[in-house]
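Tertiary structure, described
Given next are the chains, with one letter for each unit.
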Amino acid sequence: GQQVMQIPQYQHVQEGEDFTTYCNSSTTLSNIQWYKQRPGGHPVFLIQLVKSGEVKKQKRLTFQFGEAKKNSSLHITATQTTDVGTYFCAGNSGNTGKLIFGQGTTLQVKP
Amino acid sequence: NAGVTQTPKFQVLKTGQSMTLQCAQDMNHEYMSWYRQDPGMGLRLIHYSVGAGITDQGEVPNGYNVSRSTTEDFPLRLLSAAPSQTSVYFCASSKTGQGVSFFGQGTRLTVV
């Protein structure tokens, strides 16, 4: 079945450093979504990418969708302590509302 | 709007007991899903539904049953709880098949 791999599993950075997490799907996706989960919380939607090669920005966050629609990345510039949490990518390959999540990358930021 | 509501928030079960995790949404979303979250494994899809009366299996369906008699509700049943089902369970809903998912607050289940 469809698999979505995400690396790294953990990342510790000093506040102000950049951070990137990568996501790779075994199959071509119709779209990819990114979610953030704060410790003890539930996943909260960040963004959806649909088009091949798409790049979207939200303040210090930059999201990319690969040309083949099988990989994606999230880059955070100049991390802040408020960025702490686990970031998940989730692939959607049909029209069923069925999302396959990556394992997540847990970001720790040292002040 | 309350969004997606899950009950209970915490539950401890003994091995072999049964229980139902409740999930309700008030956004008139057709699509609903159940996930379990275990350390280092992300969120794994248990069952999902594309509308009332229609359900299908996800990645890890064994040991769980679902039904969808109304648009609003999507309960998850554990027929005979096992320690391997200790996890955090999330229910989610989306308006369209490719749309954004909204998650409930989660149910933390421990099976002893």
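Residues numbered from 1 in each chain as written. Chains lettered and ligands numbered in written order. Predicted model: local features only at pLDDT ≥ 70, side-chain atom pairs only at ≥ 80, totals over all residues. Heavy atoms only, no water.

**Here we look at the overall build of chain B**
- A count of helical and extended segments in chain B gives zero helices and eleven strands.
- When the elements of chain B are put in sequence order from the N terminus, they spell out β-β-β-β-β-β-β-β-β-β-β.
- With respect to the three principal axes, the spread of C-alpha positions in chain B is 35 × 25 × 25 Å.
- Taken over 112 residues, chain B has a buried fraction of 48%.
- Relative to all contacts within chain B whose residues are 6 or more apart in sequence, the contacts with residues 24 or more apart total 53%.
- Carbon and sulfur atoms make up 51% of the accessible area of chain B, which totals about 5,100 Å². (Helix = DSSP H or I, 4+ residues; strand = E, 2+ residues; numbered from the N terminus. Buried < 20%, exposed > 50% of the residue type's maximum accessible area, 1.4 Å probe, protein only. Contact = heavy atoms within 4.5 Å. Areas by Shrake-Rupley, 256 points an atom, 1.4 Å probe, with all protein chains shown as cover.)

**Observations concerning the nonpolar core**
- With 20 residues, the main nonpolar core has A:Ile32, A:Trp34 and A:Phe63 as its most contacted residues.
- If you list the elements that add at least two residues to this core, you get β3 (19–25), β4 (31–37), β5 (44–49), β7 (61–65), β8 (71–76), β9 (85–92) and β11 (105–110) of chain A.
- Core analysis: the second largest hydrophobic core is formed by 18 residues, B:Leu13, B:Leu21, B:Met32 and B:Tyr64 among them. (Core = buried A, V, L, I, M, F, W, Y, C linked by side-chain atoms within 4.5 Å.)

**What to know about the pairing of β4(A)**
Residues and elements named next belong to chain A.
- By the criterion of burial, β4 is predominantly enclosed, with seven of the seven residues buried.
- Burial along β4 is two-sided: Asn 31, Gln 33, Tyr 35 and Gln 37 and Ile 32, Trp 34 and Lys 36, pointing in opposite directions, are all buried.
- As paired elements, β4 and β9 share seven bridges and run antiparallel to each other. Considered in β9, the bridge of Trp 34 is made with Cys 89.
- Of the pairings in the sheet, the one linking β4 to β5 comprises five bridges and is antiparallel in character. Looking across to β5, one finds that Lys 36 is bridged to Val 44.
- What sits between the antiparallel neighbours β4 and β5 is a turn of six residues, in which Gly 40 has the positive phi angle 80°. (Pairing = 2+ DSSP bridges.)

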